[in-house]
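Reading the structure
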Amino acid sequence: MQADLVDDIRTAINIAEEFGIELILDSGVAAYKLKDQLAAKKIPVVLGPTSHPFVSGGEGFDLDVYRMMDERNAALLTEAGVKIAIASFARGLGNLTPPITGKWLLVEAALATAYGLPDEEALRAVTINAARILGVADRVGSLEPGKDADVIVLDGPPLSIKTWVERVYVNGELVYTREATKQTP
């Protein structure tokens, strides 16, 4: 359920408990304010992008949500024991543009590290944690024999903005090489 404000998050928790629904909190701008409750109830949070939190959906700007925003959200939740994933959301500039791909996902993870999330946790938030939250970790989210995997080969640390994608493999087949695009850093 998408919820950002503290009261909305509490309402989502109450509804989930009343109807016996497994809750996954989506966006969760103010989730850090309820981090202990979320951890105790084992409610995961799929966080929206830090870089542009207010242009990722069709709804307008909400001053109350803006006031609750804390870029340390991912770090604070993780420190409390809440399982998080980081999302780029479907649209980069609201409904004015076509949906974006996940190409900015590592940048979002890197931004979270700038605000206190350890590198390892940031990588988990865009890989295995996301798969576990969605219930598909038996198939994706980590490199293990028997799992589906699309793999990128990088020329440096995954959370560095200076790192380039060298190769991409989809279902074991090479589908992209940086050399073929003739880009230079």
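This text gives an overview of the structure that appears in the document.

Reading the values: the criteria
- Residues numbered from 1 in each chain as written.
- Predicted model: local features only at pLDDT ≥ 70, side-chain atom pairs only at ≥ 80, totals over all residues.
- Heavy atoms only, no water.
- Salt bridge = Lys/Arg side-chain N within 4 Å of Asp/Glu carboxyl O.
- Helix = DSSP H or I, 4+ residues; strand = E, 2+ residues; numbered from the N terminus.
- Buried < 20%, exposed > 50% of the residue type's maximum accessible area, 1.4 Å probe, protein only.
- Core = buried A, V, L, I, M, F, W, Y, C linked by side-chain atoms within 4.5 Å.
- Contact = heavy atoms within 4.5 Å.
- Pairing = 2+ DSSP bridges.
- Axes fitted to C-alpha atoms, helices over the stretch in contact; angles between N-to-C directions.

Examining the pattern of salt bridges
Should their charged atoms come close, side chains of opposite charge can pair. Scanning the entire structure with this criterion turns up eight salt bridges. The residue E121 makes a salt bridge to R124 at a minimum N-O spacing of 2.8 Å. Linking E121 with R124, this pair stays in helix α6 (residues 119–125), spanning three residues, or about one helical turn. For E121, a relative accessible area of 24% puts it in the partly exposed group.

A closer look at the nonpolar core
Ranked by size, the top nonpolar core spans 30 residues in total, and within it I9, L25, L38, V45, L77, I84 and L117 carry the most contacts. Elements supplying a minimum of two residues to this core: α1 (6–19), α2 (35–40), β3 (45–47), α4 (73–80), β4 (84–86), α5 (105–114) and α6. A per-element tally of this core places α1 first, with five residues. Sequence-distant contacts of V45, that is, excluding residues within four places in its chain, are made with L25, S27, G28, A31, L38, L77, V82, K83, I84, A85 and I133.

Quick word on the sheet that holds strand β7 (residues 173–177)
On the basis of which strands lie adjacent, the open sheet formed by three strands has the order β5-β6-β7 and antiparallel pairing. If you trace the sheet from one side to the other, it starts and ends with β5 (150–154) and β7, each paired once. Strand-to-strand, the axes of this sheet are offset by a mean angle of 20°, without reference to chain direction. Alignment of β5 against strand β6 (residues 165–170), held across five bridges, turns out to be antiparallel. Bridging across to β6, V151 finds its partner in Y169.

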